[in-house]
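Breakdown of the fold
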Amino acid sequence: NAGVMQNPRHLVRRRGQEARLRCSPMKGHSHVYWYRQLPEEGLKFMVYLQKENIIDESGMPKERFSAEFPKEGPSILRIQQVVRGDSAAYFCASSPYAVGTEAFFGQGTRLTVV
Amino acid sequence: KQEVTQIPAALSVPEGENLVLNCSFTDSAIYNLQWFRQDPGKGLTSLLLIQSSQREQTSGRLNASLDKSSGRSTLYIAASQPGDSATYLCAGIINTDKLIFGTGTRLQVFP
């Protein structure tokens, strides 16, 4: 059973471009969470999704950021018109159920905006 | 707003020492608590999960406890080794469906 898979591991974008980050949860996991880690800071919650539903997006910036978890395929975190402040490590986690179960994290995608 | 404090922020010890890492929440209504380690430039590895009905968990040289009444958790590392060097993060679920993370304790164990 492969772990949580994120790709790409590293992504470089110029200001104004779009960034697409992918996350494939562990087999059998239907709950996906996205977190952002800014340099020298802790992990901050962004969004919680189940298949085809956004459950909690209270940590998502109001503009330029969106997330989806379609019925088939990986979860996608999309950042439009990237700015330098978006440079961070973005982590995805999955769990088989919601509250009370262990969350497993991917290796992260390190986004650099130049 | 829930805040999570980890003490100490950094720790450097010779190998063989027994260590205690602390984690405290401003809101003690913790549903469950999870400890992770993060190596530089890498993802998070889950170490221990303490569920709502439990008070502690053990795995090898690691032991984590949770005192809900005070909103505090402790990670105990026995007989530390250089391979234990990493950042240790605690995270709790409090009345919501997401993990709230502390800022971590950066541990260095030297030979």
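The structure this text deals with has already been given above.
Residues numbered from 1 in each chain as written. Chains lettered and ligands numbered in written order. Predicted model: local features only at pLDDT ≥ 70, side-chain atom pairs only at ≥ 80, totals over all residues. Heavy atoms only, no water.

With 22 residues of chain B at the contact, the number on the chain A side is 22 residues. Of the roughly 1,700 Å² buried at the junction of chain B and chain A (both faces included), carbon and sulfur atoms supply 53%. One can count one salt bridge joining chain B with chain A. Note that lysine 98 of chain B and aspartate 56 of chain A form a salt bridge whose closest N and O atoms lie 2.8 Å from each other. Run the count over chain B and chain A and you get seven residue pairs in polar contact (both at pLDDT 80 or more). If you list the elements that add at least two residues to the side of chain B that touches chain A, you get strand E4 (32-38), strand E5 (44-50), strand E9 (86-93) and strand E10 (99-101) of chain B. Sorting elements by how many residues they give to the side of chain B that touches chain A places E4 of chain B first, with four residues. (Contact = heavy atoms within 4.5 Å. Buried area = accessible area lost by both parts, 1.4 Å probe. Salt bridge = Lys/Arg side-chain N within 4 Å of Asp/Glu carboxyl O. Polar contact = N/O pair within 3.5 Å; in protein donor to acceptor, adjacent residues only side chain to side chain. Helix = DSSP H or I, 4+ residues; strand = E, 2+ residues; numbered from the N terminus.)

All right, on to the state of the cysteines then. The full count for this structure, using the stated rule, is two disulfides over all chains. Disulfide pairing is shown between cysteine 23 of chain A and cysteine 92 of chain A; the S-S distance is 1.8 Å. Linking cysteine 23 of chain A and cysteine 92 of chain A, the disulfide has an S-S dihedral of approximately -55° and is accordingly described as left-handed. Linking cysteine 23 of chain A in strand E3 (residues 19-24) with cysteine 92 of chain A in strand E9 (residues 88-95), this pair joins segments that are 69 residues apart in sequence. The residues cysteine 23 of chain A and cysteine 92 of chain A share a single accessibility class, namely buried. A sulfur-sulfur distance of 1.9 Å marks the disulfide that ties cysteine 23 of chain B to cysteine 90 of chain B. Judged by the sign of its S-S torsion, about 75°, the cystine formed by cysteine 23 of chain B and cysteine 90 of chain B is right-handed. One end of the pair, cysteine 23 of chain B, is in strand E3 (residues 19-25); the other, cysteine 90 of chain B, is in strand E9, and 67 residues separate them in sequence. Residue classification places cysteine 90 of chain B among the buried residues on the basis of a relative accessible area of 0%. (Disulfide = S-S within 2.5 Å. Buried < 20%, exposed > 50% of the residue type's maximum accessible area, 1.4 Å probe, protein only.)

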